[in-house]
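# Remarks on the overall topology
Chain by chain, the residues run as shown.
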Amino acid sequence: MVGHLTYRLYQEEDLLTLVQFWEQETNWGKITVEKWRQQFIDTPYGEASIALATNADTGQILGQFIFIPCLVCVNGRDVLAFRPFAPIITKAARGFLSGAHPIIEMYWHGVRGLQARGGSLIYMVPDPRWLRFFRMFPFLTGGSFPLWSLPMPLAAPLPLDDGYTMKPLEMWDQLVDKLWHKASCLHGCQVVRNSQTLRWKIGTGDYTVTAVEREGEMVGLVASQQRGDRQWLICDLLTADAEDSLRNTLSAVTNVAHCEAVIPDREKPIIKVAVLATPIMEPVVRRLGFVRDAYDFPLIVHILDPTIPNEDVAPTRWYISAND
């Protein structure tokens, strides 16, 4: 079969078709119209840009590539960025032989739309199997972050320093925003995680959100969940500093994992707690007994705004969480 694909951006009337497309063309499970809207339309920074590949003759949608908007704090300045998500191509689309691969065509069609929206960056934390593909494009900058883990359960919960306490987060309010302001200074680049965006980011997942206080002041916040086969994964992490607050917050979430690990008759017992560690975090996780695991999280960065220097968004300057 030889044919022709055309490329365009999502329109409101595509909504039901894309929900069905998701369910029919992937094994990612059922998604409702309401969940689709929450994840891709009603985001804190407007609707996602969705590039579509269609049959030029029939208009049938044969591929999608979603770009979710966010803000990235670069040296204290917030810039509009996008995270690519869920590239899907039908088997039928592979029969259209003219032009570049549909994934590449959708990416570039999406990029033009993002630039028109004022987008400055694209960042992604892809499956490591895609790395060979990304290395073919010199405009992409790549790096990686190691996973560190600690066996569960512990012999005993980790002690917190005097004055530190932990509890479930009670409210997404200005205390979270105040903590984000401090946490944003610890890395040169990171996705904005204030009360609005972090609540939305983890709102569709089964996360345990733990707050750490020092003499009544919130100095740590961390989201964690069971992920994969018997692993408790530490995800979004905010701390007021990279020393005592970071150590006590990591101790607190490790204790959360321990409590999950000792639940009797669990269908999939927790056998380890794991965290993606940036260079700033590595000395702390090492002191807590974590060891290097056999997995790396890749980071790919594409600068859309030529006024942003490459060194300002180099992967080594980023904080990335394991659920980005």
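Here's a quick rundown of the structure. Small disclaimer: the values here were computed from a predicted structure and weren't measured.

The terminal C-alpha atoms of helix H3 (residues 102-116), which comprises 15 residues, lie 21 Å apart, in line with the 21 Å expected from a rise of 1.5 Å per residue. One or two positions beyond H3, positive phi appears at glycine 118, with a value near 90 degrees.

Moving on, we get to the side chain of threonine 239. Tracing the backbone shows threonine 239 in strand S11 (residues 231-239). Among the polar contacts made by the side chain of threonine 239, one reaches the main-chain carbonyl oxygen of aspartate 241 at a distance of 2.9 Å. In contact with threonine 239, not counting residues within four places along its chain, are Leu179, Lys182, Ala183, Leu186, Val219, Gly220, Ser245, Leu246 and Thr249.

If you look at the biggest cluster of nonpolar residues, it comprises 47 residues, and the most contacted ones within it are Val72, Leu121, Tyr123, Leu221, Val313 and Trp318. At 5 residues, the largest contribution of residues to this core is made by strand S3 (residues 61-74). Once you skip the residues sitting within four places of it in the chain, valine 313 turns out to touch Val74, Leu121, Cys189, Val301, Ile303, Ile308 and Trp318. By size, the runner-up hydrophobic cluster in this structure holds 25 residues, among which are Met152, Leu158, Ala277 and Val284.

Our next topic: the packing of helix H1 (residues 15-25) against helix H2 (residues 33-41). Relative to each other, H1 and H2 sit at 100 degrees, their axes nearing to 10 Å. One way to sum up the angle between H1 and H2 is to call them roughly perpendicular. Between H1, through Leu15, Leu16, Leu18, Val19 and Trp22, and H2, the contact on the second element is made entirely by Val33, Trp36, Arg37 and Phe40. By residue class, the composition of the contact of H1 with H2 is 8 nonpolar, no polar and 1 charged.

Moving on, we come to the packing of aromatic side chains. This structure, assessed with the given rule, holds 14 aromatic pairs. Summarising the aromatic geometry, the rings of phenylalanine 65 and tyrosine 107 are spaced 6.1 Å apart at their centres and angled 55 degrees between planes, so their arrangement reads as tilted. One end of the pair, phenylalanine 65, is in strand S3; the other, tyrosine 107, is in helix H3, with 42 residues separating them in the sequence. Grouping residues by exposure puts phenylalanine 65 and tyrosine 107 together as buried. When the ring of tyrosine 107 is compared with that of tryptophan 108, the centres are 5.8 Å apart and the planes differ by 85 degrees; the resulting orientation is edge-to-face. Members of the aromatic cluster, each reached through a chain of ring pairs, are Phe65, Phe67, Tyr107, Trp108, Phe137 and Phe139.

Turning our attention to the pattern of salt bridges. Taken as a whole and judged by the stated rule, the model has 18 salt bridges. The shortest N-O distance in the salt bridge between arginine 214 and aspartate 241 comes to 3.9 Å. One end of the pair, arginine 214, is in strand S9 (residues 208-214); the other, aspartate 241, is in the loop between S11 and helix H7 (244-261), and 27 residues separate them in sequence. Under the relative-accessibility criterion, aspartate 241 is labelled partly exposed at 22%.

Glancing now at the pairing of strand S6 (residues 140-151). Note: S6 against strand S13 (residues 291-303), 9 bridges, orientation antiparallel. Looking at the pairing, phenylalanine 145 lines up with phenylalanine 297 of S13. Relative to strand S12 (residues 272-276), S6 runs antiparallel, the two sharing 5 bridges. Bridge assignment links proline 151 to a residue of S12, and that residue is lysine 272.

Quick look at the side chain of glutamine 64 now. Along the chain, glutamine 64 turns up in strand S3. With near-sequence residues (within four places) excluded, glutamine 64 lies in contact with Leu18, Phe21, Trp22, Trp36, Ile50, Ala51, Leu52, Ala86, Pro87, Ile88 and Met106.

This part is about H1. Every buried residue of H1 is accounted for by Leu15, Leu18, Val19, Phe21 and Trp22. All buried residues of H1 lie within an arc of 160 degrees about the axis, which places them on one face of the element. Residues of H1 that are exposed and angled more than 90 degrees away from the buried face: Leu16 and Gln24. For H1, the secondary structure elements touched by its buried residues are H2, strand S2 (49-55), S3 and strand S4 (77-89).

Moving on to the pairing of S13. Across 4 bridges, strand S5 (residues 121-124) lies against S13 in antiparallel orientation. For methionine 124, the partnering residue across the bridge sits in S13 and is isoleucine 300.

What follows covers the environment of alanine 53. Considering the arrangement of structural elements, one finds alanine 53 in strand S2. Residues alanine 53 and alanine 155, spaced 102 residues apart in sequence, show a C-alpha to C-alpha distance of 54 Å. Not counting residues up to four positions away in its chain, the partners in contact with alanine 53 are Thr6, Tyr7, Gln60, Ile61, Leu62, Gly63 and Met106.

Reading guide: rules and limits
Residues numbered from 1 in each chain as written. Predicted model: local features only at pLDDT ≥ 70, side-chain atom pairs only at ≥ 80, totals over all residues. Heavy atoms only, no water. Helix = DSSP H or I, 4+ residues; strand = E, 2+ residues; numbered from the N terminus. Expected span 1.5 Å × (residues − 1). Polar contact = N/O pair within 3.5 Å; in protein donor to acceptor, adjacent residues only side chain to side chain. Contact = heavy atoms within 4.5 Å. Core = buried A, V, L, I, M, F, W, Y, C linked by side-chain atoms within 4.5 Å. Buried < 20%, exposed > 50% of the residue type's maximum accessible area, 1.4 Å probe, protein only. Axes fitted to C-alpha atoms, helices over the stretch in contact; angles between N-to-C directions. Parallel < 35°, antiparallel > 145°, perpendicular 65-115°, else oblique. Nonpolar A, V, L, I, M, F, W, Y, C, P; charged D, E, K, R; others polar. Phe/Tyr/Trp six-rings, centres within 6.5 Å; stacked < 30°, edge-to-face > 60°. Salt bridge = Lys/Arg side-chain N within 4 Å of Asp/Glu carboxyl O. Pairing = 2+ DSSP bridges. Arc of directions from axis to C-beta.

Fair warning: the whole summary comes from geometry, so function is off the table for now.
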